Amino acid sequence: MTQDTSGPRPVPTLEMVAALAGVSRATVSRVVNDSPSVDPELAQSVRKAILALDYTPNRAARSLAKRRANAVTLIVPESTSKVFADPFFASVVQGIALYLTDTEYTLNMVISSESKPEKTRSFLLGGNVDGVLVVSHHSGDNSWTHLSGSLPMVFAGRPLVGGKESYYVDVANEQAAYEVTKLLTESGRKNVATIAGPQDMPPGLDRLAGWRTAVRESGLGEGLMEEGDFTLASGAKAMHRLLDRGVPIDAVFAANDQMAAGAYTAIQGRGLRIPEDIAVVGFDDDSFATSVTPALTTVHHPIVELGKKMAETLVNLIEGKPAERVNRMPTSIVIRDSV
């Protein structure tokens, strides 16, 4: 179906969705309301039409009534076990909640996998919320980008999808990783490896790029790299792989503090000392940085403030107030005992 782009786009309706999907208006209505009576193949056709037309249930009615749900949703496309094990998420939620306390908006949270986005999409497009916050997104999380035309949306971190149209709050991940790696090279370390984050996530990509630039500028070659998934266990496994290579290593930059703590267990488990044998630095400055011995040198990531700024940006978008498309929070290096 070819759309006329010469004038304003008409507001999608149930009838338009029905026509595109080749079903009745009643069938579309049942799919929108999650009725189990619709044939799965028909329901899938309707959902594809909803996505193609960017149809939002109840959008016209809500607009005419000038009513809001007075609620925002935080989406975390990760496993439940990962969310509750990582202090990053708790700090983001804390910041969001602190900002929303003085507003009329309540916060709900959806921990959702991209493998089954239909339930989340139905909830978000059903008039239940006024805007969406997305944290810990991956390159495959495309369904959230499609929703941005229907609901105000703010990302934590530079999104890999959505391009210049996305609103997000971030830190200068690449520059901060460069600076903390440079701290190692300038202290005389000659073999600086890294435990990188997932390469389908902006922080994983950007922090790896920062490490790589610092190592190359120091004239130390390419350096050794292993990838983790920002968890404690992945940091330990990646550190074991680095040590098993049999190549000299005297320093490691881990892309977050959890993986740095995991690297500690691998290093110390092999009878090596930190920092005498191998210096370790991390990123985030969360509870893992001070729970290890020796205390971890790391990049301070103002996560609570990032959450506040996300919430502020989203509320401004919902209420039609000016909002900056990109906000970058400042970072700093916290020197402790691991270098």
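The chain is annotated in an unreviewed UniProt entry as LacI family transcriptional regulator of Paenarthrobacter aurescens.

Novice: What am I meant to see in the sheet that holds strand β8 (residues 251-254) here?
Specialist: Note: strands within a sheet are paired through backbone hydrogen bonds, in either parallel or antiparallel orientation. An order of β7-β6-β8-β9-β10-β12 is seen for the 6 strands of this open sheet, with the pairing classed as mixed. On the outer flanks of this sheet lie β7 (225-227) and β12 (332-334), each paired with one strand and no other. Across the sheet, the mean angle from the axis of one strand to that of its neighbour is 20 degrees, orientation sign disregarded. Here strand β9 (residues 279-284) runs beside strand β10 (residues 297-300); their pairing, made up of 4 bridges, is parallel.

Novice: How do you make sense of the packing of helix α1 (residues 14-21) against helix α3 (residues 40-53) when you look at a structure like this?
Specialist: Axis angle and axis distance: for two packed helices, these are the angle between their axes and the distance between the axes, and together they describe the pair. It is at 9 Å that the axes of α1 and α3 come closest, and there the two elements cross at 120 degrees. Of the possible angle classes, the one that applies to α1 and α3 is oblique. In this structure, the crossing between α1 and α3 has a hand that is right-handed. Of the residues in α3, those touching α1 at M16, V17, L20 and A21 are S45, V46, A49, I50, A52 and L53. A per-class count over the contact of α1 with α3 returns 9 nonpolar, 1 polar and no charged.

Novice: Any chance you could explain the packing of helix α9 (residues 173-186) against helix α10 (residues 202-217) here in plain terms?
Specialist: Close contact between α9 and α10 brings their axes to 7 Å; oriented N to C, the two are set at 35 degrees. Read as a crossing pair, α9 and α10 show a hand that is right-handed. Together, N173, E174, A177, Y178, T181, K182 and T185 of α9 and P203, D206, R207, A209, G210, W211, T213, A214, V215 and E217 of α10 make up the contact between the two elements. Of the residues assigned to the contact of α9 with α10, the class counts are 7 nonpolar, 5 polar and 5 charged.

The rules behind these values
- Residues numbered from 1 in each chain as written.
- Predicted model: local features only at pLDDT ≥ 70, side-chain atom pairs only at ≥ 80, totals over all residues.
- Heavy atoms only, no water.
- Pairing = 2+ DSSP bridges.
- Helix = DSSP H or I, 4+ residues; strand = E, 2+ residues; numbered from the N terminus.
- Axes fitted to C-alpha atoms, helices over the stretch in contact; angles between N-to-C directions.
- Parallel < 35°, antiparallel > 145°, perpendicular 65-115°, else oblique.
- Left-handed = near helix turned anticlockwise from the far one by under 90°.
- Contact = heavy atoms within 4.5 Å.
- Nonpolar A, V, L, I, M, F, W, Y, C, P; charged D, E, K, R; others polar.

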